[in-house]
Amino acid sequence: MANNWKITALRMGELYVEKSSLTYQKDIGEHLWIPMWATVLTGGGQNILIDTGIHDLEWVRENITVCRQQEDETIIEALRIGVGLAPEDIDIVINTHLHYDHCGNNKLFKNARFIVQEREWKAAHHPIPCQEGIYLKELFDASAVSESQWEFVNGEKEIAPGVTVFLTPGHSEGHQSVLVDTEEGTVCVAGDISNLLENIRENIPAGIVVSTKEMYGGMKEVRKRASFILPGHEYSINKYQNSRFPLIEASLLTS
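Residues numbered from 1 in each chain as written. Predicted model: local features only at pLDDT ≥ 70, side-chain atom pairs only at ≥ 80, totals over all residues. Heavy atoms only, no water.

Draft legend 1. Region of interest: the overall build of the chain. Along the chain, the regular secondary structure elements total five helices and 12 strands. Scaling as 2.2 N^0.38, a compact globule of 255 residues should have a C-alpha radius of gyration of about 18 Å, and the chain matches this with 16 Å. Contacts spanning at least 24 positions in sequence make up 67% of the contacts within the chain whose residues lie at least 6 apart. Of the roughly 10600 Å² of accessible surface on the chain, a fraction of 47% belongs to carbon and sulfur atoms. One way to put it: in the chain the 22 positive side-chain charges average out to a point 4 Å from where the 36 negative ones average out. (Helix = DSSP H or I, 4+ residues; strand = E, 2+ residues; numbered from the N terminus. Rg over C-alpha atoms; globule rule 2.2 N^0.38 Å. Contact = heavy atoms within 4.5 Å. Areas by Shrake-Rupley, 256 points an atom, 1.4 Å probe, with all protein chains shown as cover. Lys, Arg positive; Asp, Glu negative; His and termini not counted. Charge placed at Lys NZ, Arg CZ, Asp CG, Glu CD.)

Next up, the structure:
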């Protein structure tokens, strides 16, 4: 069943940001709307959700930036409309990392096993100063997810046949990306190792980083291991898209 996974992109709303927060030392002063993506994997014997979106629109507006969210962009509605599932149907949740926009609805998935890198778990509880504002502990502590639900990974691990997490730090201390075997080929659900398609294709790190050196290494590993990509905030992806994800086009790169 390893090659039967179907990937569906669920849009969790949009943020209005300065583009330089996505493209390191580039595009300063340019602003744009970017989607926040959660991703559901079906057809491989289990229902797997990668990231869970934002927990509260007003909190984001008051604490982060301008944000908008349509009615079908809450996690419950997006799952229902996009794949006909409810939170109780999700078997596994993979958090690429624990920033507010990637784990906001963890608390809804009471039947799920949660996968995160141990390195990320530790960093989220003791973040470096510049990342303190984007970790909100109530989204991933025991009030949201019971201790028994968590599985901490160190490096690479196959979560289910055809679904593998691997460490891609740089945007956060313990960021991970997900390789998914599909009928079209291997897709990387990238999280924020590649915010935009531009990052991976042009070898540009994210603007929000803990280590630019590690981001370069992570992007190189993604290019090596996948043919297609679903970046964490790419605006050319369509809501509920479930095939023909963008080519990484590694052959165009010299590094």
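On we go.
Draft legend 2. Quick peek at helix α3 (residues 118-125). Restricting attention to buried positions, one finds in α3 the residues E120, W121, A123 and A124. The inward-facing, buried residues of α3 contact β6 (113-117) and β7 (150-153). (Buried < 20%, exposed > 50% of the residue type's maximum accessible area, 1.4 Å probe, protein only.)

Draft legend 3. Structural context of the side chain of Q117. Within the secondary structure, Q117 is located in strand β6. By relative accessible area, which is 1% here, Q117 ends up buried. A distance of 2.7 Å separates a polar atom in the side chain of Q117 from the backbone oxygen of G155. Once residues lying within four places of it in the same chain are set aside, the contact partners of Q117 are V153, N154, G155, V165, F166, L167, G174 and Q176. (Polar contact = N/O pair within 3.5 Å; in protein donor to acceptor, adjacent residues only side chain to side chain.)

Draft legend 4. How the structure looks around the packing of aromatic side chains. Inspection of the entire model under this criterion finds seven aromatic pairs. The interplanar angle of 55° and the centroid separation of 5.6 Å between the aromatic rings of W59 and Y100 together place this pair among those described as tilted. On the criterion of sequence distance, the pair formed by W59 in helix α1 (residues 57-63) and Y100 in the loop between β5 (92-94) and β6 is long-range, its members being 41 residues apart. The same class applies to W59 as to Y100, namely buried. (Phe/Tyr/Trp six-rings, centres within 6.5 Å; stacked < 30°, edge-to-face > 60°.)

Draft legend 5. Here's a closer look at the sheet that holds strand β12 (residues 228-231). The strand order across the open sheet formed by five strands is β8-β9-β10-β11-β12, and the pairing between neighbours is mixed. Two strands in the sheet have a free side with no partner beyond their single neighbour: β8 (157-160) and β12. Pairs of neighbouring strands in the sheet enclose a mean axial angle of 25°, with direction left out of account. Where strand β10 (residues 176-182) meets strand β11 (residues 185-191), five bridges bridge the pair, whose relative direction is antiparallel. (Pairing = 2+ DSSP bridges. Axes fitted to C-alpha atoms, helices over the stretch in contact; angles between N-to-C directions.)

Draft legend 6. Broad picture of the environment of G185. Topologically, G185 is positioned in strand β11. With 59 residues separating them in the primary sequence, G185 and R244 have C-alpha atoms 9.9 Å apart. Apart from the residues lying within four places of it in its own chain, the contact partners of G185 are V180 and F228.

Draft legend 7. Spotlight on unusual backbone geometry. In this model, D27 sits at a positive phi of 65°, which is unusual for a non-glycine residue. Among the structural elements, D27 can be located in the loop between β1 (6-18) and β2 (31-42). For R244, which is not a glycine, the phi torsion comes out positive at approximately 55°. Of note, R244 is situated in the segment after β12. Overall, R244 belongs to the exposed group, its relative accessible area being 72%.

Functional significance is not addressed by these values, which are geometric in nature.
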